[in-house]
Amino acid sequence: MNSLLELLRTDPWPWYVTGPLIGSMVPLLLWIGNHLFGVSSSLRHICAAAVPCGLPYFAYDWRKDIWNLWFVGGIAAGGVVAVTWLEGGGPEALAPAMVERLQSFGLTGSGDLLPRELFLADGPFGRIGWGIVIIGGFLVGFGARYAGGCTGGHTIAGIATLQRASLVASIAFFIGGLVTARWFLPALWEALA
Amino acid sequence: MNSKVMRYGGVFLGGLAFGVILIKGRIASWSRIQEMFWFESFHMYGVILSAIVVAMIGVQWIRRLELRSLQGESIKITPKSADRGQMIGGVLFGAGWALTGACPGPMYALLASEGLPAVVMLLSALMGAWVYGAIRARLPH
């Protein structure tokens, strides 16, 4: 038992453990209730339940898809379990070249889940941290619904079920991410320095 | 056992496992997502590619064996509709992913441990989804 706990506490879990576990969610959810793996529909369901405002996009019976809300509730609980009992959530060593790059931008390169200097501090980055959180969060929700799915529903479940739309979406995710991470963010860091 | 309890209990436990995986596998990490977009580590690519392969094998296996769900239904996969949304929405999503270092799954996983920034992030994503619903008719699809 103790050695299992030790094993689970290994940080980080290597990709060849993490990836197959994530992939197995797809057949698991199909078996449990004929549900196709995905997360971002939950954003729509929450809006439909809480603030439909008479909009046609939210005029459907979200209760029929309530499994998705149980699923994301489970994800939130899992986050607590990982951080409380499995020693997840601390900083970790990134690739040395990545640490160097982040430091050249003036960040610490600490490898935090959410770097404290960016999202939680008062320094130069802290001032724009809230902007990044709010604009970035908005784009994730808006873009995922516009694209009809996110990295879970499109990149994992969609490609695994050979859907063309999901391949297109996944390529678009990467284009948007590459441009933002490699061009927009460095320009922003430079402007702050 | 009540079939609803089994279904949603199972879904909840699956979600719980997924949340643990997202944190312990460092998918829910701003730093790791930057590393991925700078091609400095194989980690995220290994995760995504092996996840797709395992999911594909699982789905093929269900089809070949004609497995049924716990409720005894035959398993069907509804096709995703294709339009320009995947391209335009996809690029916007990718930009948000690089900024926050989190896609929707990680946003839920980070909710309890990362405090106010994680809460505001999820609320912003909900607002994004709502605004999409509000202006959907005027967007190119």
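What you are looking at is a predicted structure, and each value in this text was computed from that prediction instead of being measured. (Residues numbered from 1 in each chain as written. Chains lettered and ligands numbered in written order. Predicted model: local features only at pLDDT ≥ 70, side-chain atom pairs only at ≥ 80, totals over all residues. Heavy atoms only, no water.)

## Structural notes on the interface of chain B and chain A
Listed by partner, the interface residues are 109 residues for chain B and 125 residues for chain A. Together chain B and chain A conceal approximately 10200 Å² of surface at their shared face, both sides included; 77% is due to carbon and sulfur atoms. Here chain B is connected to chain A by 5 salt bridges. Across the pair E92 of chain A and R32 of chain B runs a salt bridge whose closest N-O atoms are separated by 2.8 Å. Viewed at the interface, chain A and chain B are joined by 30 residue pairs in polar contact (both at pLDDT 80 or more). Secondary structure elements with two or more residues in the side of chain B that touches chain A: α1 (3–24), α2 (30–37), α3 (43–64), α4 (85–100), α5 (104–110) and α6 (116–135) of chain B. Of the residues that constitute the side of chain B that touches chain A, the class distribution is 67 nonpolar, 30 polar and 12 charged. (Contact = heavy atoms within 4.5 Å. Buried area = accessible area lost by both parts, 1.4 Å probe. Salt bridge = Lys/Arg side-chain N within 4 Å of Asp/Glu carboxyl O. Polar contact = N/O pair within 3.5 Å; in protein donor to acceptor, adjacent residues only side chain to side chain. Helix = DSSP H or I, 4+ residues; strand = E, 2+ residues; numbered from the N terminus. Nonpolar A, V, L, I, M, F, W, Y, C, P; charged D, E, K, R; others polar.)

## Side note on the side chain of N68 of chain A
Residue and element names in this part refer to chain A. Checked against the element boundaries, N68 lands in helix α4 (residues 66–85). Given the relative accessible area of 2%, N68 is considered buried. Once residues within four sequence positions are removed from consideration, N68 is found in contact with G38, V39, S41, S42 and H45. (Buried < 20%, exposed > 50% of the residue type's maximum accessible area, 1.4 Å probe, protein only.)

## Some details on the environment of V119 of chain B
Residue and element names in this part refer to chain B. For V119, the location among the structural elements is in helix α6. Residue classification places V119 among the partly exposed positions, given a relative accessible area of 32%. Through-space distance from the C-alpha of V119 to that of R32 is 20 Å; in sequence the pair is 87 residues apart.

## Things to note about the confidence of the model for chain B
Considering every residue of chain B, the mean pLDDT works out to 95; 99% of them sit at 70 or more. Considering each helix and strand of chain B separately, the mean pLDDT is smallest for α1 of chain B, with a value of 95, and largest for α4 of chain B, with 98. (pLDDT = per-residue confidence, 0-100.)

## Some points on unusual backbone geometry
Leaving glycine aside, a negative phi is the common case for residues, and trans is the common case for peptide bonds. Each neighbour pair has its own omega, and for D11 of chain A with P12 of chain A the value is -10°, a cis peptide bond. Within the secondary structure, P12 of chain A is located in the loop between α1 (2–9) and α2 (15–33). Notably, R26 of chain B is not glycine yet its phi reads approximately 65°, a positive angle. Along the chain, R26 of chain B falls in the loop between α1 and α2. Classification of R26 of chain B by relative accessible area gives buried; the value is 0%. In this model, E66 of chain B sits at a positive phi of 50°, which is unusual for a non-glycine residue. With respect to the element layout, E66 of chain B can be found in the loop between α3 and α4. Overall, E66 of chain B belongs to the exposed group, its relative accessible area being 64%.

## Some words on the layout of surface pockets
Taken as a whole, the largest pocket encloses approximately 970 Å³ of empty space. Listed by contribution, the elements that provide at least two residues to the lining of the largest pocket are α3 (41–50), α4, α7 (124–147) and α8 (151–160) of chain A together with α1 of chain B. The residue inventory of the lining of the largest pocket, partitioned by class, reads 14 nonpolar, 16 polar and 10 charged. (1 Å grid on protein atoms, 1.4 Å probe; cavity = no way out; pocket = protein on both sides within 12 Å on 5 of 7 lines; lining within 4 Å. Points joined across faces, edges and corners; volume = space filled by probe spheres on them.)

## Description of empty space enclosed by the protein
Per the counting criterion, the structure on display carries 3 cavities of 30 Å³ or more. Taken together, the elements giving at least two residues each to the lining of the largest cavity come down to α8 of chain A together with α1, α3 and α5 of chain B. The biggest single contributor to the lining of the largest cavity is α8 of chain A, with 4 residues. Grouping the amino acids of the lining of the largest cavity by side-chain chemistry returns 14 nonpolar, 4 polar and no charged.

## Points about the packing of α2 of chain A against α1 of chain B
The N-to-C vectors of α2 of chain A and α1 of chain B enclose an angle of 170°; their axes lie 10 Å apart at closest approach. Judged by the inter-axis angle, α2 of chain A sits roughly antiparallel to α1 of chain B. Touching T18, L21, I22, M25, L28, L29, I32 and G33 of chain A of α2 of chain A are R7, G10, V11, G14, A17, F18 and I21 of chain B, all from α1 of chain B. Here the residues of the contact of α2 of chain A with α1 of chain B sort into 10 nonpolar, 4 polar and 1 charged. (Axes fitted to C-alpha atoms, helices over the stretch in contact; angles between N-to-C directions. Parallel < 35°, antiparallel > 145°, perpendicular 65-115°, else oblique.)

## Description of the pattern of salt bridges
If you walk through the whole model with that rule in mind, you get 8 salt bridges over all chains. Ionic pairing is found between R9 of chain A and E87 of chain A, a salt bridge with its closest N-O pair at 3.9 Å. Of the two residues, R9 of chain A is situated in helix α1 and E87 of chain A in the loop between α4 and α5 (96–104); the sequence distance between them amounts to 78 residues. Of the residues examined, R9 of chain A reaches a relative accessible area of 24% and is grouped as partly exposed. Residue R32 of chain B is joined to E35 of chain B by a salt bridge in which the shortest nitrogen-to-oxygen separation is 2.8 Å. Of the two residues, R32 of chain B and E35 of chain B both sit in helix α2, 3 residues apart, roughly one turn of that helix. You'll find R32 of chain B and E35 of chain B in the same group, each marked buried. Each member of the salt-bridge network shares a partner with another, and the members are D11 and E92 of chain A together with K24, R26, R32 and E35 of chain B.

## Observations concerning the state of the cysteines
Under the defined criterion, the tally for this structure stands at 0 disulfides over all chains. Not part of a disulfide, C47 of chain A finds its nearest cysteine sulfur in C53 of chain A, a span of 9.0 Å. With a relative accessible area of 3%, C47 of chain A lands in the buried category. Looking at C150 of chain A, it has no disulfide partner, and the nearest cysteine sulfur is the one in C103 of chain B, 6.2 Å off. (Disulfide = S-S within 2.5 Å.)

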